[in-house]
Number of protein chains: 2
Amino acid sequence: MGDKYNLLLLFDRPHEPVFMEKGRGVVFDVPKKFLTDRYRVIDNEVLDRFSERAESLVNVRDISMPDLSLPSKLSRKAHFSLCVPAHRIMAVRLIDTFMSAPTVAELQSVAVYGHDRLNPYLFNYALSVAILHRKDTKGMGVPSLIQSFPNKFVDRQIFRHLREECTIVPEGSRMAILIPHDYTASEDEPEHRLWYFREDFGVNLYHWHRYLMYPFEASERSVVYKARRGELFYYMYQQILARYNVERLGNNLKRVEPLMDLREYIKEGYFPKMESAPRFDNTKLSDVRRHQDQLIMDIEDLEQWSERIKEAITKGFVLDESEKHIPLNIDELGNIIESSMASPNRNLYGDLHNMGHLFIAYAHDPSHRHLESFGVVGDLATAMRDPAFYRWHAYLDSIFQQHKAQLLPYIVAELRYEGFSLTSVEVTAEDVREPNILQTFWQESDIDLSRGMDFAPRGNIFARFKHLQHAPFTYTIKVTNESTTKRFGLVRIFLGPKFDEQDQTMTFNEQRLLMIELDKFVVALQPDENVIRRRSTESSLTIPVERTFRDPAVARVSNETMQHACGWPHHMLIPKGSTNGLQCELVVMVTNYEQESVEEEPISGADSCGNHHLLQYDQRALGYPFDRQSRLGAERLADFLTPNMIVADVVIRHVDRTEHCC
Amino acid sequence: MGDKYNLLLLFDRPHEPVFMEKGRGVVFDVPKKFLTDRYRVIDNEVLDRFSERAESLVNVRDISMPDLSLPSKLSRKAHFSLCVPAHRIMAVRLIDTFMSAPTVAELQSVAVYGHDRLNPYLFNYALSVAILHRKDTKGMGVPSLIQSFPNKFVDRQIFRHLREECTIVPEGSRMAILIPHDYTASEDEPEHRLWYFREDFGVNLYHWHRYLMYPFEASERSVVYKARRGELFYYMYQQILARYNVERLGNNLKRVEPLMDLREYIKEGYFPKMESAPRFDNTKLSDVRRHQDQLIMDIEDLEQWSERIKEAITKGFVLDESEKHIPLNIDELGNIIESSMASPNRNLYGDLHNMGHLFIAYAHDPSHRHLESFGVVGDLATAMRDPAFYRWHAYLDSIFQQHKAQLLPYIVAELRYEGFSLTSVEVTAEDVREPNILQTFWQESDIDLSRGMDFAPRGNIFARFKHLQHAPFTYTIKVTNESTTKRFGLVRIFLGPKFDEQDQTMTFNEQRLLMIELDKFVVALQPDENVIRRRSTESSLTIPVERTFRDPAVARVSNETMQHACGWPHHMLIPKGSTNGLQCELVVMVTNYEQESVEEEPISGADSCGNHHLLQYDQRALGYPFDRQSRLGAERLADFLTPNMIVADVVIRHVDRTEHCC
């Protein structure tokens, strides 16, 4: 009855009316007046038909409804994007409505009522945000977007196949349907070598989750104003780019070219093979004139915002709305570029990140003459599929780096930690005899897509995805604690490529931008030598692939909270190797951990998710020690090291085999 | 058992395996060895499950199977196009296989076996051609393509809606689902004013039917070499263009610009809102390099073929494969440009019509780097949706007109018919008080799409289409037979616009290209004055919209043959008027009909379909008297007339109301 977990059933089969079976045998006992016009005329027919079959009926309280008129304006058929300001306003209103329902029962009533009246993507987004932020639904988690909307993650061709299996084969005999992989372009398209990264469902879900945890706006300030929000924005994309560039180097591609000139042809086409429009090779951006979306925007606007932001970086301060000078820091800069409510002056600095997405996403129909919606890059749940996403974000990162370049390099005192010294590090991967060799390969994982198979027969139906995987490995790190007492150290582990596109050793300032953070954890260090063994699967920054598809209602049975459901997908921890081996350097650094114990304490105002671990243990800049340019004399990584750092050469080999997972 | 009409059930729900219910309660008793791999492992489960529910079981003879390996090469998921030579070769092989099955029972066995192994579009095409051409299935007709593949005719968004209605609402209570119209572009796109023509399902089905009746190749010569095949090719497109241009004038658009220069940007973009790829505004054609389709072709190839054809026109002869001169006539020219087996030299004159379609259809991915299939213009069932179709065909028509321009103008003796004179003509439309005013409006028609709703619950599900319609009208024609005996006259009725884009009266040579043939029939004329009353609905050149959706199996009950199921869609007989009235001229001409009676006799070698009427009564050139330029001194239509012709000013008014049809 009052079970809050019933809310999660409202994510099932989003296009099926709310009175149909949700989950296994559950039917919401929908008040007749909640029905939409089509079904009100045959209310007895439909309500009886579905409730008779129910194993359990969920009581839905008939309350007086809040005003849903604004969010109802988005057509049920429309595509929904957080990048579109008009959509964002509707989302804010709906989030507020869901947040302000006094009880879970009332929230359930509003959601049941809204289910068939609101755009299903908007509904999913706002209800997810509310569940993740309300106190009375804390720790519940929400189902993964791929389960409600598999159409945003897989080739549209597959649905007929899934439907066939559901219709013909009884549940027990159903076979997993292999989702095509490597299907959006051919070998002739160099950019396509990165398909396994750009089109990975885990990678895209990770990106989407940021926006569930960090809404742009809300009446409740704590939903938006979270600790180091802007810096986390910067660092998430910086790390994504670092990873993408390392993957590129491993695939014999140059690092991604920032989209510096918005007036040039974008040479990289992308055909998503989904409902979204493609972009042809060599398409130009155009001024956007989309009256329906209330979006009238010139390329010049983007250029002006960029100029103003760069000017603020040079001057070291930004102007708020009352023209007051605010010192610029990375957090402020992130807020400006992300342009949430937390931006100090959206009027002056605009909405650069989102609008860049939209200009690219509307390149095929900037005037809306052809009534087209945005391409994949316009939807934050699918944006990472498109090569142009990385070109845009490389440009944004260049702005962040301009700020970072103005900061004084870390001096040795800011890097070393007296009393700790690292003497060796080694990684050993399962089933690999030599040390410091990592191995990547392909893996197939099955996901139940039945919750997204609207209007198909019930019962589990599994899709089989192919994705990158690596052999689990262990770090063995030797640390000397030169003091005489037990102390705590904070360990950071990074991985970066050793050579550039021309096989030349990289300078520190190049390499630092390609350093991928693999793990971050606290250890107790006894006096003298300590041998730390840390398994790759323990990484505090990743979540296992299965977690992505864990049903929150199942997690609940095991009394587990879903709060950590949003790290980087663990199967993508290590970049894909090459047959000959991608030459990398692994950097380990130990710094002080001042607290006396390592119990997890929530950071006030931090999100309840992966970033927690990034922020938990110290207040240093994200990406430290690689977030700034090197001090004089430290042109190479070797010169940069202090005794509390150590580096090892690591080779990543890729074996072209496919294993079946779980 | 041996009922040939069971063959038609194989067109139902083409993606559902052949052992599922087809039609109402009918199940094919499929031999186990016919099952595909997926189902062979659970054969008892699936076969029993479906056959138990059957109201009637169709016996399928287990015969030794012909070789289907070539047509099986086309993936079940691929798009199929008659324009692609590799696909055509597969289609020819499959047509031959279906044509050569000795009995209907054996044809049924091969078709049942092939159903789940062959590409569904290819299967539909080849089986349709076989049924339309085999002696033992004569007169049966085949179901309309829109019923098997509604996805080729309507917005893809609608299918979720149809599926919802099928799943939730019991058959008796289902409502027709309104198919969006006017949805592919906005008012800001001038080309979109023609949506009701380009996207009309009847217009597209009419075009498709040509290719069912005139396959490009077949082992049985009579299937390909039909009377005046090439001329009918020319005339079908000439009339389509005439109609399209008149519609354009009525919508304040200029006549379509021929795609003379294949290297220019095609300014007209088109977003079909179907599975096919769009074409952006201002897309250039490129050389085609699609190895998978065995299609390596340069724009230069097209240009060369054009040049050679134009040279042949100038010289008045073509070279066959042994370099022999063959005098050029319109029929030969049509065969060359269509490039069927009937072309005298495909090597030299190439495959102009089809390849032009493909160059446009592949403009978004000419190298196949993005693994994209063709746009709508690459599929002859959807090609007429795209504005570029008309630009390409206007170019082809300019070649035909170059030939026509070399023919001597008709002299008066070739036009007039001594003894007949026309004294008046008038049209009166239903519910229109004034004479010579025609009226167009919108109409909605319902079509049962249940046969195309693969994997959805059974039962009729109607879609409601909006299309142009006109008030029925009657021609009243007064003819004087100056002889003293009863004679037969052949009446031709044409309609054309009176003014050009600048509101100037057109010259004969402009106007003749815009003359739409409305009707053609034989009348008995008594001596002295005769008053002929002919209803518009009697037009021998059109078929009523309902006919398009008539189930051949139902027609069979009323003992009617489906042979005339392929005229121009009657609802499109009259171009859309304008609010103020589109000024037209109606031309009636009576010539001699030499035979003594007007009984219908099949023309040997003619198709069994609408074109029958074009060819039946005389051997004059199609389009006569407007197919040639005017004689000296006949610069205007008025000067061109002979006493056996008459012209009337007719105005077409459009009223913006929507009526519900049948």
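Keep in mind that what you see is a predicted model, and the values were worked out from it rather than measured.

Draft legend 1. The arrangement of the pattern of salt bridges in detail. Taken as a whole and assessed by the stated rule, the structure comprises 76 salt bridges over all chains. With a closest N to O distance of 2.4 Å, Lys152(A) and Asp379(A) form a salt bridge. Taken as a pair, Lys152(A) in the loop between helix 7 (145–148) and helix 8 (158–168) and Asp379(A) in the loop between helix 16 (352–361) and helix 17 (387–406) lie far apart in primary sequence, 227 residues in all. The residues Lys152(A) and Asp379(A) share a single accessibility class, namely buried. We note a salt bridge from Glu311(B) to Lys315(B), for which the minimum N-O separation is 2.5 Å.

Draft legend 2. Region of the structure containing the sheet that holds strand 20 (residues 645–660) of chain B. All names here are of chain B. An order of 3-12-11-20-19-14-15 is seen for the seven strands of this open sheet, with the pairing classed as mixed. A strand with exactly one partner marks an edge of an open sheet, and here the two such strands are strand 3 (177–178) and strand 15 (516–525). Of the strand pairs in this sheet, strand 3 and strand 12 (residues 462–470) are connected by two bridges, and their pairing is parallel. Each residue of the ladder has a partner; that of Ile177, found in strand 12, is Ala463. With respect to the sheet, helix 12 (residues 229–250) is in contact with strand 14 (487–497), strand 15 and strand 19 (582–592), its orientation differing from that of strand 15 by roughly 115 degrees.

Draft legend 3. Expanded view of the interface of chain A and chain B. Contact residues are listed per partner, giving 50 residues for chain A and 50 residues for chain B. Summing both sides of the interface, chain A and chain B together bury roughly 4700 Å²; the carbon and sulfur share of this comes to 54%. Viewed at the interface, chain B and chain A are joined by eight salt bridges. A salt bridge links Glu189(B) to Arg369(A); its shortest N-O distance comes to 2.2 Å. Inspection of the chain A/chain B interface yields 28 residue pairs in polar contact (both at pLDDT 80 or more). Looking at the side of chain A that touches chain B, the elements with two or more residues in it are helix 1 (37–40), helix 2 (43–53) and helix 8 of chain A. Per-class residue counts for the side of chain A that touches chain B are 21 nonpolar, eleven polar and 18 charged.

Draft legend 4. Structural view of the environment of Leu632(B). Residues and elements named next belong to chain B. Within the fold, Leu632 resides in the loop between helix 22 (611–616) and helix 23 (637–640). Exposure remark for Leu632: the relative accessible area of 84% places this residue in the exposed category. For Leu632 and Pro409, which are 223 residues apart along the polypeptide, the C-alpha to C-alpha distance reads 8.3 Å.

Draft legend 5. Region of the structure containing the confidence of the model for chain A. Averaged over chain A, the pLDDT score is 93; the fraction of residues at 70 or greater is 94%. The ipTM assigned to the predicted complex is 0.92, against a pTM of 0.94.

Draft legend 6. Looking closely at the packing of aromatic side chains. Scanning the entire structure with this criterion turns up 69 aromatic pairs over all chains. Centre to centre, the rings of Tyr211(B) and Phe216(B) are 5.8 Å apart; their planes meet at 25 degrees, and the pair counts as stacked. By relative accessible area, Phe216(B) is classed as buried at 2%. The rings of Phe197(A), Tyr206(A), Phe233(A), Tyr234(A), Tyr235(A), Tyr237(A), Tyr244(A), Phe389(A), Tyr390(A), Phe400(A) and Trp568(A) are connected pair by pair, giving a single aromatic cluster. Across from the ring centre of Phe216(A), 4.8 Å away, lies the NZ or CZ of Arg88(A), which sits over that ring. The ring centre of Tyr225(B) lies 3.8 Å from the NZ or CZ of Arg221(B), which sits over that ring.

Draft legend 7. How the structure looks around helix 6 (residues 120–133) of chain A. Residues and elements named next belong to chain A. End to end, helix 6 covers 20 Å across 14 residues, agreeing with the expected 20 Å (1.5 Å per residue, within 8%). The element helix 6 is largely enclosed, with a buried count of 14 among its 14 residues. Of the residues that open helix 6, the one with a side-chain oxygen 2.9 Å from the backbone nitrogen of Tyr121 is Asn119.

Draft legend 8. Region of the structure containing the pairing of strand 14 of chain B. Residues and elements named next belong to chain B. Counting buried residues along strand 14, ten of its eleven residues qualify, which places the element largely inside the surrounding structure. With nine bridges connecting them, strand 14 and strand 19 associate as antiparallel partners. If you follow Val491 over to strand 19, its bridge partner there is Val590.

Draft legend 9. Broad picture of the packing of helix 16 (residues 352–361) of chain B against helix 17 (residues 387–406) of chain B. Residue and element names in this part refer to chain B. For the pair helix 16 and helix 17, the least separation of the axes is 10 Å and the interaxial angle reads 150 degrees. Considered as vectors, helix 16 and helix 17 are oriented roughly antiparallel to each other. For the element pair helix 16 and helix 17, the recorded crossing hand is right-handed. Residues Leu352, His353, Gly356, His357 and Ile360 of helix 16 form the contact with helix 17, whose participating residues are Ala388, Phe389, Trp392, His393, Leu396 and Ile399. Across the contact of helix 16 with helix 17, the residue classes break down as seven nonpolar, four polar and no charged.

Draft legend 10. Just the UniProt feature "domain: Tyrosinase copper-binding" (unreviewed entry) in chain A, in detail. Here the UniProt feature "domain: Tyrosinase copper-binding" (unreviewed entry) sits at residues 386–397 of chain A. Along residues 386–397 of chain A the backbone is 92% helical and 0% strand, and the end-to-end C-alpha distance reaches 17 Å.

The rules we used
- Residues numbered from 1 in each chain as written.
- Chains lettered and ligands numbered in written order.
- Predicted model: local features only at pLDDT ≥ 70, side-chain atom pairs only at ≥ 80, totals over all residues.
- Heavy atoms only, no water.
- Salt bridge = Lys/Arg side-chain N within 4 Å of Asp/Glu carboxyl O.
- Helix = DSSP H or I, 4+ residues; strand = E, 2+ residues; numbered from the N terminus.
- Buried < 20%, exposed > 50% of the residue type's maximum accessible area, 1.4 Å probe, protein only.
- Pairing = 2+ DSSP bridges.
- Contact = heavy atoms within 4.5 Å.
- Axes fitted to C-alpha atoms, helices over the stretch in contact; angles between N-to-C directions.
- Buried area = accessible area lost by both parts, 1.4 Å probe.
- Polar contact = N/O pair within 3.5 Å; in protein donor to acceptor, adjacent residues only side chain to side chain.
- Nonpolar A, V, L, I, M, F, W, Y, C, P; charged D, E, K, R; others polar.
- pLDDT = per-residue confidence, 0-100.
- Phe/Tyr/Trp six-rings, centres within 6.5 Å; stacked < 30°, edge-to-face > 60°.
- Lys NZ or Arg CZ within 6 Å of the ring centre and 35° of its normal.
- Expected span 1.5 Å × (residues − 1).
- Parallel < 35°, antiparallel > 145°, perpendicular 65-115°, else oblique.
- Left-handed = near helix turned anticlockwise from the far one by under 90°.
- UniProt positions renumbered as here; feature names shortened; annotations may be inferred.

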